[in-house]
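Fold and geometry: a report
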Amino acid sequence: MGYKVGRMNASWRMAATATLHCLTGCAIGEVLGMVLATWWGWGNGASIVLSVALAFFFGYLLTFSGVRRAGLDVPSAVRTALAADTISILTMEVVDNGFLVLWPGAMDATLADALFWATLAASLAVAFVVTVPVNRWMIGRGKGHAVVHQMHENHAMDPHAHH
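Calculation notes
Residues numbered from 1 in each chain as written. Predicted model: local features only at pLDDT ≥ 70, side-chain atom pairs only at ≥ 80, totals over all residues. Heavy atoms only, no water. Helix = DSSP H or I, 4+ residues; strand = E, 2+ residues; numbered from the N terminus. Buried < 20%, exposed > 50% of the residue type's maximum accessible area, 1.4 Å probe, protein only. Contact = heavy atoms within 4.5 Å. Expected span 1.5 Å × (residues − 1). Axes fitted to C-alpha atoms, helices over the stretch in contact; angles between N-to-C directions. Left-handed = near helix turned anticlockwise from the far one by under 90°. Nonpolar A, V, L, I, M, F, W, Y, C, P; charged D, E, K, R; others polar. pLDDT = per-residue confidence, 0-100. Core = buried A, V, L, I, M, F, W, Y, C linked by side-chain atoms within 4.5 Å. Patch = residues over 30% accessible without salt bridge, like charges linked within 9 Å, V, L, I, M, F, W, Y side chains within 5 Å. Areas by Shrake-Rupley, 256 points an atom, 1.4 Å probe, with all protein chains shown as cover. Salt bridge = Lys/Arg side-chain N within 4 Å of Asp/Glu carboxyl O. Disulfide = S-S within 2.5 Å.

**Section: the overall build of the protein chain**
For the protein chain, the helix and strand inventory stands at 5 helices and 0 strands. For the protein chain, the succession of helices and strands along the chain, N to C, is α-α-α-α-α. Counting across all 163 residues of the protein chain, residues that qualify as buried make up 37%. Contacts in the protein chain between residues at least 24 apart in sequence constitute 71% of all its contacts with a sequence separation of at least 6.

**Here we look at helix α2 (residues 44-69)**
The end-to-end C-alpha separation of α2 is 37 Å, in line with the 38 Å expected for 26 residues at 1.5 Å each. Every buried residue of α2 is accounted for by Ser47, Leu50, Ser51, Leu54, Ala55, Phe56, Phe58, Gly59, Tyr60, Thr63, Gly66 and Val67. Backbone geometry just downstream of α2 places Gly71 in the positive-phi region, at approximately 110 degrees.

**Some remarks on the packing of helix α3 (residues 74-102) against helix α4 (residues 114-140)**
Between α3 and α4, the shortest axis-to-axis distance is 8 Å and the interhelical angle comes to 145 degrees. For α3 against α4, the interelement crossing comes out right-handed. Residue composition of the contact of α3 with α4, by class: 15 nonpolar, 6 polar and 1 charged.

**Concerning the confidence of the model for the protein chain**
Averaged over all residues, the pLDDT of the protein chain is 85; the fraction at 70 or higher stands at 82%. Counting interchain partners and residues more than four positions distant, the pLDDT-below-50 stretch residues 1-6 has 1 contact.

**Some points on the nonpolar core**
Grouped burial of nonpolar side chains is what soluble globular proteins tend to show. Grouped together as the largest cluster of nonpolar side chains are 18 residues, with contacts concentrated most on Cys26, Ile89, Met92, Leu100 and Leu120. At the level of secondary structure, the elements contributing two or more residues to this core comprise α1 (2-39), α2, α3 and α4. With 5 residues, the single largest contributor to this core is α3. In contact with Ile89, other than residues within four places in its own chain, are Cys22, Cys26, Ala55, Phe56, Gly59 and Tyr60. Grouped together as the second largest cluster of nonpolar side chains are 5 residues, Ala37, Leu50, Leu54 and Phe58 included.

**Some words on a nonpolar patch on the surface**
There is a patch of nonpolar side chains on the surface, built from Trp39, Trp40 and Trp42 and spanning about 420 Å² of accessible area. Looking at the element boundaries, Trp42 is found in the loop between α1 and α2. For Trp42, a relative accessible area of 41% corresponds to the partly exposed category.

**A few points about the packing of α2 against α3**
Contact geometry of α2 with α3 gives a least axis separation of 8 Å together with a crossing angle of 145 degrees. Regarding α2 and α3, the two cross each other, and that crossing is right-handed. Each residue belonging to the contact of α2 with α3 can be placed in one class, and the counts come to 16 nonpolar, 5 polar and 3 charged.

**Description of the environment of Val95**
With respect to the helices and strands, the residue Val95 is situated in helix α3. Given a relative accessible area of 21%, Val95 falls into the partly exposed group. Measuring from C-alpha to C-alpha, the distance between Val95 and Thr131 comes to 8.7 Å, with 36 residues separating the pair along the chain. Those residues in contact with Val95 that sit more than four places away from it in its chain are Val126, Ala127 and Val130.

**Some points on the state of the cysteines**
The final tally for this structure, using the stated rule, is 0 disulfides. Not engaged in a disulfide, the cysteine Cys22 finds its nearest cysteine sulfur in Cys26; these two sulfurs lie 3.9 Å apart. By relative accessible area, which is 1% here, Cys22 ends up buried.

Structure (structure tokens):
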């Protein structure tokens, strides 16, 4: 019984770590997208599209970079990043942007408004909480970041192995 509980906790820890990784890429993309859209004078719709596109780009880029360092070739690293992050980023972006669209005044707040930063932080926190169980479910089935963690473990055991 103790082993099962320990393994279950490890699974939640792995899911939280994977989600934090995803959140990092999403946050970089979202903030950069909002800054650029504001600078260019774009409206809310274009701002959301740009922010989501950049969130996916940076989310994938973080995983791609990590698995490349672990020894994967470029095509394998691309496939791994897409497989590991797509559901996680999609979940995070739907929750995050849904929160911002539904929060009164959030979409009209500018970068200089406290409301902008407060609702962005809150939306990312809510998205994190919703996405952790999604990542845990995927990891439990050997999908998503379970693949990435396995590659990092293999690299740690044999850093000169080519995958």
